[in-house]
Amino acid sequence: MKTVIFACVHNAGRSQMAAAFFNALADSQKARAVSAGTRPGERVHPEVQAAMAEVGIDLSGARPQRLTDELTQGAGWLITMGCGEACPHVPGLKRDDWPLEDPKGKPVERVRQIRDEVRSRISSFLEREGWAK
């Protein structure tokens, strides 16, 4: 089983969407995702929860969490969400950076566009790695 970590600073938007889409679209026998942040927020952004609910994914129970050494143990990938110099680095993990706009405080139309871009990137990643359902 492969583990992918989606990380950003606050773990309250992009990385939460990415992990949720990954776990919904991946073959659960092959891979799973977690999300974390270097400075986790208090909650997932409400506009992110609303946009994800529109596509049938409930993030109301999701909570931002800190990226820790324990969380990275056994992981194979770290995908950061365009946080620039603030993005974490974990030695030994395959790494990619997806330059995605932070959805916090954006109008619902823009949050939907970001959500759809995240879903598209997840689908492509799963196909490339052979982990799609």
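So, here's what we can say about the structure. In this convention, every chain numbers its residues from 1, walking through the sequence in written order. pLDDT decides what is reported in this predicted model: residues at 70 or higher carry local features, side-chain atom pairs at 80 or more are listed and counted, and totals for whole chains, interfaces and linings draw on all residues regardless. To get the side-chain values, all heavy atoms of the structure are used, and hydrogens and water are removed first.

### Things to note about the overall build of the protein
Segments assigned H or I by DSSP are reported as helices when at least four residues long, segments assigned E as strands when at least two residues long, and all are numbered from the N terminus. Along the backbone of the protein there are four helices and four strands. Going from the N terminus to the C terminus, the protein shows its helices and strands as β-α-β-α-α-β-β-α. The quantity called the radius of gyration is restricted to C-alpha atoms. Its globule counterpart is 2.2 Å times the number of residues to the power 0.38. Computed over C-alpha atoms, the radius of gyration of the protein comes to 13 Å, within 12% of the 14 Å expected from 2.2 N^0.38 for 133 residues, which places it in the range of a compact globule. Along the three orthogonal principal directions, the C-alpha set of the protein runs to about 35 × 30 × 25 Å. Categorising residues by exposure relies on relative accessible area from a 1.4 Å probe, with only protein chains included: less than 20% of the type maximum marks a residue as buried, more than 50% marks it as exposed, and the intermediate range marks it as partly exposed. Relative to its 133 residues, the protein shows a buried fraction of 45%. A separation threshold of at least 6 residues defines the contact pool for the protein, and within that pool the share at least 24 residues apart is 68%. Counting every atom, the protein has about 6,700 Å² of accessible surface; 45% of that belongs to carbon and sulfur. Only four residue types enter the charge count: Lys and Arg as positive, Asp and Glu as negative, with His and the chain ends excluded. Every charge is mapped to an atom, namely NZ of Lys, CZ of Arg, CG of Asp or CD of Glu. Averaged over its 19 positive side-chain charges, the protein has a centre that lies 2 Å from the centre of its 17 negative ones. We call two residues contacting when some pair of their heavy atoms lies within 4.5 Å. Note on areas: Shrake-Rupley, 1.4 Å probe, and residue coverage restricted to the protein chains presented here.

### Side note on unusual backbone geometry
Positive phi values are uncommon outside glycine, yet N11 reaches one of about 55°. Position of N11 among the secondary structure elements: in the loop between strand 1 (2-8) and helix 1 (14-25). Residue classification places N11 among the buried residues on the basis of a relative accessible area of 0%.

### Thoughts on the pairing of strand 2 (residues 31-37)
For a regular strand, side-chain orientation follows a simple rule: the groups alternate between the two sheet faces. Burial analysis of strand 2 places six of its seven residues in the buried class, which makes it a mostly covered element. One ladder, built from seven bridges, connects strand 1 with strand 2; its direction is parallel. For V4, the partnering residue across the bridge sits in strand 2 and is A33. Strand pairing is defined by DSSP finding a minimum of two bridges between the two strands.

### What about the packing of aromatic side chains?
Aromatic rings from Phe, Tyr and Trp, with only the six-membered ring used for Trp, were paired whenever their centres fell within 6.5 Å, and each pair was classed as stacked if the ring planes differed by under 30 degrees, edge-to-face if by over 60, and tilted otherwise. Applying the stated criterion across every chain yields a total of seven aromatic pairs. Between F6 and W98 the ring centres are 5.7 Å apart and the planes differ by 50°, which places this aromatic pair in the tilted class. One end of the pair, F6, is in strand 1; the other, W98, is in the loop between strand 4 (94-97) and helix 4 (108-129), and 92 residues separate them in sequence. Here the two residues F6 and W98 agree in accessibility, since each one is buried. Look at F22 and F125: their rings are 6.3 Å apart centre to centre, the planes differ by 45°, and that puts the pair in the tilted class. Within this pair, whereas F22 is found in helix 1, its partner F125 is found in helix 4, the two being separated by 103 residues in sequence.

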